[in-house]
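# Secondary and tertiary structure notes
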Amino acid sequence: MKYQYESQQVAYPFFVAAMLLFAGQIVFGLIIGAQYMWPDFLFPAIPFHIARMIHINLLVVWLIFGFMGSTYYLIPEEVEGELYSVKLAITQFWLFLAGGVTAVVGYLFRWHDGREFLEQPFIIKVAIVIVVLMFIYNISMTMLKGKKRTSTSIVLLIGFIGMALLYLFAFFKPDNMIVDKYYWWLVVHLWVEGVWELIMAAILSFLLIKLTGAEREVAEKWLYIIVGLTFITGIIGTGHHYYWIGAPEFWQTWGAWFSVFEVLPFAAMIAFSFDMLSKKTRSHQNKAAILWTVGTTIMSFVGAGVWGFLHTMPQINYYTHGTQITASHGHMAFFGAYVMIVIAMISYAVPNLRNQESLNQKAEVIAFWTMVISMLFMGLSLTGAGIVQVYLQRILGMPFMEAQEHIALFYGLRFFFGITFTLGLGIYLYDFFSSAKSRTKG
Amino acid sequence: MTKSSVRNICIGGSGLTLVIFLVLTYLTHASFPERTHPENISEEVVWGKKVWEKHVCIDCHTLLGEGAYYAPELGNVITRLGEEGVREILEITAEHGWGGTRRMPQFDLSEKDIDGLVEFFKWMNNVNASNWPPNKEG
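What counts, and where the lines are drawn
Residues numbered from 1 in each chain as written. Chains lettered and ligands numbered in written order. Predicted model: local features only at pLDDT ≥ 70, side-chain atom pairs only at ≥ 80, totals over all residues. Heavy atoms only, no water. Helix = DSSP H or I, 4+ residues; strand = E, 2+ residues; numbered from the N terminus. Rg over C-alpha atoms; globule rule 2.2 N^0.38 Å. Buried < 20%, exposed > 50% of the residue type's maximum accessible area, 1.4 Å probe, protein only. Core = buried A, V, L, I, M, F, W, Y, C linked by side-chain atoms within 4.5 Å. Contact = heavy atoms within 4.5 Å. Axes fitted to C-alpha atoms, helices over the stretch in contact; angles between N-to-C directions. Parallel < 35°, antiparallel > 145°, perpendicular 65-115°, else oblique. Left-handed = near helix turned anticlockwise from the far one by under 90°. 1 Å grid on protein atoms, 1.4 Å probe; cavity = no way out; pocket = protein on both sides within 12 Å on 5 of 7 lines; lining within 4 Å. Points joined across faces, edges and corners; volume = space filled by probe spheres on them. Nonpolar A, V, L, I, M, F, W, Y, C, P; charged D, E, K, R; others polar. Polar contact = N/O pair within 3.5 Å; in protein donor to acceptor, adjacent residues only side chain to side chain. Phe/Tyr/Trp six-rings, centres within 6.5 Å; stacked < 30°, edge-to-face > 60°. Buried area = accessible area lost by both parts, 1.4 Å probe. Salt bridge = Lys/Arg side-chain N within 4 Å of Asp/Glu carboxyl O.

## Some remarks on the overall build of chain A
- Helix and strand content of chain A: 15 helices and 0 strands.
- Compactness check: chain A gives a C-alpha radius of gyration of 21 Å against a globular reference of 22 Å for 442 residues, within 12% of the reference.
- Each of the three principal axes of chain A carries a C-alpha extent, and together these read 65 × 45 × 45 Å.
- Burial status across chain A gives 66% buried among its 442 residues.

## Let's talk about the nonpolar core
- Core analysis: the largest hydrophobic core is formed by 188 residues, its most contacted members being F22(A), W62(A), W191(A), W196(A) and W52(B).
- Here this core gets 27 residues from one element, more than from any other, and that element is helix α6 (residues 177-212) of chain A.
- When near neighbours in sequence (up to four residues on either side) are disregarded, F22(A) contacts W62(A), V339(A), I343(A), M371(A), F421(A) and L425(A).
- Counting 5 residues, the second largest nonpolar core, distinct from the first, contains W244(A), A256(A), Y318(A) and W132(B).

## Describing the packing of helix α4 (residues 122-145) of chain A against helix α5 (residues 151-167) of chain A
Residues and elements named next belong to chain A.
- In the contact formed by α4 and α5, the axes pass within 10 Å of each other and the chain directions differ by 160 degrees. In this view, α4 runs roughly antiparallel relative to α5, as classed from their interaxial angle. Considering how the two elements wind past one another, α4 and α5 form a crossing that is left-handed. Facing α4, whose interface residues are K125, I128, V129, V132, F135, I136, I139, S140 and M143, α5 presents S153, I154, L157, F160, I161, A164 and Y167.

## Digging into empty space enclosed by the protein
- Evaluation of the coordinates by the stated rule reveals 5 cavities of 30 Å³ or more.
- The computed volume of the second largest cavity comes to approximately 120 Å³.
- Along its surface, the second largest cavity is lined by G114(A), R115(A), E116(A), M177(A), D180(A), K181(A), W184(A), W52(B), I58(B) and E66(B).
- Here the element with the most residues in the lining of the second largest cavity is α6(A); it accounts for 4 residues.
- Taken together, the residues of the lining of the second largest cavity sort by class into 4 nonpolar, 1 polar and 5 charged.

## As for the side chain of R115(A)
- When you line up the elements, R115(A) lands in the loop between α3 (86-108) and α4.
- At 2.9 Å, the side chain of R115(A) forms a polar contact with the backbone oxygen of A170(A).
- Here the side chain of R115(A) touches F172(A) through a polar contact of 3.3 Å, landing on its backbone oxygen.
- Beyond its immediate sequence surroundings of up to four residues, R115(A) is in contact with F169(A), A170(A), F172(A), K173(A), D180(A), W184(A), E53(B) and I58(B).

## Structural notes on the side chain of S273(A)
Residue and element names in this part refer to chain A.
- Position of S273 relative to the elements: it lies in helix α9 (residues 263-278).
- The exposure class of S273 is buried, given its relative accessible area of 0%.
- The residues contacting S273, other than those within four sequence positions of it, are L208, V294 and T297.

## Here's the deal with the environment of S110(B)
- Residue position: S110(B) is located in the loop between α3 (77-96) and α4 (111-125).
- Separated by 64 residues in the primary sequence, S110(B) and V46(B) have C-alpha atoms spaced 15 Å apart.

## Looking at the packing of aromatic side chains
- Enumeration according to the criterion identifies 54 aromatic pairs over all chains in this entry.
- Taking the centre distance of 5.2 Å and the plane angle of 75 degrees together, the rings of Y72(A) and F135(A) count as edge-to-face. Taken as a pair, Y72(A) in helix α2 (residues 48-79) and F135(A) in helix α4 lie far apart in primary sequence, 63 residues in all.
- Judged by its relative accessible area of 1%, F135(A) falls in the buried class.
- Members of the aromatic cluster, each reached through a chain of ring pairs, are F169(A), F172(A), Y182(A), Y183(A), Y242(A), F250(A), W251(A), F21(B) and F32(B).

## Looking at the interface of chain A and chain B
- Across the boundary between the two partners, chain A contributes 73 residues, which contact 66 residues of chain B.
- Taken together, the two surfaces of chain A and chain B that pack against each other cover about 6000 Å², and 64% of this comes from carbon and sulfur.
- There are 7 salt bridges connecting chain A and chain B.
- Residue D180(A) is joined to K49(B) by a salt bridge in which the shortest nitrogen-to-oxygen separation is 2.7 Å.
- Applying the counting criterion to the chain A and chain B interface returns 30 residue pairs in polar contact (both at pLDDT 80 or more).
- Here the side of chain A that touches chain B gets 11 residues from one element, more than from any other, and that element is helix α7 (residues 216-237) of chain A.
- Its residues assigned to classes, the side of chain A that touches chain B shows 39 nonpolar, 19 polar and 15 charged.

Shape is all these values report; function is a separate question.
Below, the structure is given as structure tokens:
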């Protein structure tokens, strides 16, 4: 299906930037994966903490590029009208890219702030806020001007507004480290286990309506079920981060009872996708986009839902908190939920923007299975590492570094699957960029 | 159920949980004087936190279990190594880094920085973290 509004084309550079930064993220992922095995690798030029900072910051930046590109693509079709300002979108694109690249290059020269994931220097944080405000303004005006305001577009906008507001806590740096930690989670948890799930669900809703042709009324009822479950479980679910960081013990009750149900919105996403497929009124030719779309609901359920559930009870978390168990959950959750929803959107939207039927279906399917299976096994390797670490360090009381030596095999496996993941990504990126040549302006 | 009734449940439920969260946040704040002893946050502790952030220690270590998992837990490092042990490691780090494998890079730490970090770790050590970590190895 061809794109319907000329201004949707502005999504394209966002997707290209997302893919390039994704490649960068994986390069730094390989570096830190290698450093777990050969700690002197690139030391001291790019020590572990710098490479990890870049690995995660690039992830967040490219996902936001992906979310923004997805929004610019879907909003005109949802509200049935051109984007309010293409110029503003382009300005915002370059400002965000400049900010992101400056931050990452700055990290290499030790120009950073000091809190995990919020390492962006103050001025970069300000730039991020400005960029997001420009984006929100553009989308809001488009919705006001448009013929319709669908639930999908409203949920998406609420997701972005929530993201901007919560990021303001990144500027709050109290002297008391415990207060600092408490509010830090309002950015970190309420982004990835709150408002980002709204963005994901809205993109999912758009994709499922387009790919299956099933009724919007059905889709948007599901959308509200998912949003409701996300907030009702996820807001108080923040408490599962408050068990052992100096906050009161009542969080062990509140956090546990709500966060165990955080799996439900992801279960609802699976039900949503299968319900829509069973009600389909058309057979879409872009099978790869359907694969990524259904795939993201299943992998997010596994990675974010099940793997989160496994260690969310305080009785278990007491032993697993701060081990490789968390790392395994983090990898599978981010990949399953946010990486895959952005790729699903790219696989659907980019060929439309290029007036192609689809990207190379065969390459896409191979890339899909290579990346998904690699990430599953990477997650399982880290789970193995975590189990051994918990037993040696937390149960037997073995010193940290000594316990790490016994985990080397699992780090080796993780690195191996990191390489196979990179091959899968390579296939996807090759297809993404090589098929651009046959792009026809319509 | 219609779409609008689902939407209303969604808004109502979210609002209710948000209110509960805000109440719990208030109660959490009320507990901090006793649990974190803010009266012990001296100028040295504040400086130590700044040094901690300047070198972004959290991207290798954990602090009460949060951070990267590449290097040992430091929330209880005073219990594990003692004040003198921690000071010695920091002094060696300031000169040429620390450790044989997974080395800590050389960081430019002044005497003031080292004093600050030690005081910061001492303060962290006294935070009531609900009996975590399970043992002194963190």
